[in-house]
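Architecture and fold: a report
Each chain, written out:
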Amino acid sequence: MSDDSVFVEDIIEATKEGIIRAYECTKCNNKGVAIQAFCKKCGNNKLAITEINNVGKVITYTIQTVAPDPFVNEVPYAWIIVELENDIRTTGWIPFISSKDELKIGQKVKLVKSYKPGMVFEKIIE
Amino acid sequence: MENMNKVFLLSAAGTKYGKANLTARDLSMLASKRAIENAGINPQNIQAAFVANAFGMAEKQGHLGPLLMSSLGIPHVPSSTIEAACCSGGSAFREAYINVASGFYDVMLVVGTEKISHLDTLTATTYFSYGGDYCFEGNSGASFPGLYATMARSHMNEYGTTEEELAAVAVKNHDNGVLNDKAHLQKKITIDEVLKSPIVADPLKLYDSCPFSDGAAAAIIASEDFMNKNNLQKRVSIKGSGRSGGEGSLHTRKNINSLESTVRASREALKQAGINIKKIDFAEVHDCFTIAEIIAMEDIGIFEKGEASKAALEGRTAINGEIPINPSGGLKSKGHPVGATGVGQIVEVYEQLTESSTQRQVKNANIGLTHNVGATGGSCAVHIFERE
């Protein structure tokens, strides 16, 4: 979609391919992973869609043992907030993590292709 | 805000919170009837109403306002439903306050109501996840407790907050709830019981979390002119009203362990009231999870950032402590009937300021504050009340 804005579908369709889309302001180049009509920084109404690096680090997380509807059969798993390039953040989840000790703040993660809802990440073991 | 007229809280009343056999419509009628009777006015005096409700569709009933007005015998009175997730009640009260303070109406009814106990846990968990950013949160695996759990871990990582300190908040609020015959969970608990309760979303456990409750609460506010003309006793006035929005998603905000909307709304309310936070004698804050009470106290300014974690453990926020927090039992023990919650907080403040809180009465309660949050801070309403 366009209209110089970023819609829900723009994010979701890319996610399935392991791609993280963000808005990019055509005036000040501010970027963010969000559903957006005006730039958060300068208020410009012309936003482009850009792809950003799908590798980042976990800045906080939880282990979901009770889940909402689409995830009932996935528990337990980690729900995470990820910091990507230039301090841009997104959310996602890592399957098959059952304990807080299996994940650490600062863990490097990468978005992977998936038919499941949301952004599915995996740990990068270095 | 300089041109606002003085507004009085004429009465406030609520139903018992918990599992109700009544519908949200019934509950709103019951709370409204009590508030009108306690106010000593006739329903015909009410000029407009706001109904706070989040999950009406779960009962196959929207458009609650006209049904309620008809039940009160005033079908001509205009009413609208206000939905701001868990902040529906505080938001509805704020809009009513603006209507009366601006001089447009003299008397308004605000009622919050919710019925959710008929839903199974999965359905209720799913409904609650709709209050956040569904694209990035509920539909990306986060339950509502999961969102607050990530805030808790961020707070623990930055300030060293412990699970025992979180548990102490639950213990304190249950201690208060035992003294409140309208509370949902009237049961004392121990720190050990909280720590051993089932994990819902690590580090939050079942006993860190508020229950799914049914219930309703109503308040009637009036102008000074109406109070004088009808020789009504002025007992409680609204001293400050603050309201703010905040980033609707957790990931797009700079700080995950603070709610900017709480900071802004509380500063706005304090500024209008013309007082420092130290003048507050007690507060009802939005403790949907134990971590939420800690973050709220810091964002409102009751404690410095990172300093609120130990407050409950040290007894500083108990009813007889230096600053009583959630004397009603809070959302944690009194319960959380979503749309009713913000109005229910005002019921507690009204009872405290009119010395009718019996066993949980806060000594020398002259100024009370309410703090109501929608989801993870997308909405916040703060009100300050003073005994006349």
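Below or above, wherever it landed, is the structure these notes cover. The structure presented is a predicted model; accordingly, all values stated were derived computationally and were not measured.

1. Points about the nonpolar core
Within the largest apolar cluster, 159 residues are counted, with the highest numbers of intra-cluster contacts made by Met108, Val110, Ala218, Ala219, Ile221 and Val343 of chain B. When residues of this core are assigned to domains, at least three fall in each of domain 1 (8–52) and domain 2 (55–123) of chain A. Not counting residues up to four positions away in its chain, the partners in contact with methionine 108 of chain B are Ile46, Gln47, Ala48, Ala49, Ala96, Asn99, Val100 and Ile221 of chain B.

2. Brief notes about the interface of chain A and chain B
Between chain A and chain B, the contact holds 31 residues from the first and 27 residues from the second. Contributions of two or more residues to the side of chain A that touches chain B are made by helix H1 (8–15), strand E4 (55–64), strand E5 (77–83) and strand E6 (89–95) of chain A. Residue composition of the side of chain A that touches chain B, grouped by class: 19 nonpolar, nine polar and three charged. Both E4 of chain A and strand E5 (residues 199–202) of chain B contribute to a ladder of two bridges, which runs antiparallel. Looking across to E5 of chain B, one finds that isoleucine 63 of chain A is bridged to aspartate 202 of chain B.

3. Considering the sheet that holds strand E3 (residues 47–52) of chain A
All names here are of chain A. Ordered in space as E2-E1-E3, the three strands form an open sheet in which the pairing is antiparallel. Each edge of the open sheet carries a strand with a single partner, namely strand E2 (31–32) and E3. Pairing of strand E1 (residues 20–25) with E3 involves six bridges; the strand directions are antiparallel. Within E3, the position partnered with tyrosine 23 by the bridge is isoleucine 49.

4. Things to note about the environment of asparagine 176 of chain B
Residues and elements named next belong to chain B. Along the chain, the position of asparagine 176 falls in helix H6 (residues 163–177). Linking asparagine 176 and glycine 329, residues 153 residues apart in sequence, is a C-alpha distance of 4.7 Å. Sequence-distant contacts of asparagine 176, that is, excluding residues within four places in its chain, are made with Ile319, Asn326, Pro327, Ser328, Gly329, Ser333 and Arg360.

5. Details of helix H1 (residues 24–39) of chain B
Residue and element names in this part refer to chain B. An ideal rise of 1.5 Å per residue puts 22 Å on 16 residues; H1 measures up with 22 Å between its terminal C-alpha atoms. For H1, every residue scored as buried is listed here: Ala24, Arg25, Leu27, Ser28, Met29, Leu30, Ala31, Ser32, Ala35, Ile36 and Ala39. As for H1, its buried residues are in contact with strand E1 (7–14), strand E2 (48–52), helix H2 (64–71), strand E4 (107–114) and strand E7 (215–223). Directly beyond the C-terminal end of H1, a positive phi value near 70° is found at glycine 40.

Criteria and thresholds
Residues numbered from 1 in each chain as written. Chains lettered and ligands numbered in written order. Predicted model: local features only at pLDDT ≥ 70, side-chain atom pairs only at ≥ 80, totals over all residues. Core = buried A, V, L, I, M, F, W, Y, C linked by C-beta atoms within 7 Å. Buried ≥ 20, exposed ≤ 12 C-beta atoms within 10 Å, placed from the backbone. Domains from an automatic or database assignment. Contact = placed C-beta atoms within 7 Å. Helix = DSSP H or I, 4+ residues; strand = E, 2+ residues; numbered from the N terminus. Nonpolar A, V, L, I, M, F, W, Y, C, P; charged D, E, K, R; others polar. Pairing = 2+ DSSP bridges. Expected span 1.5 Å × (residues − 1).

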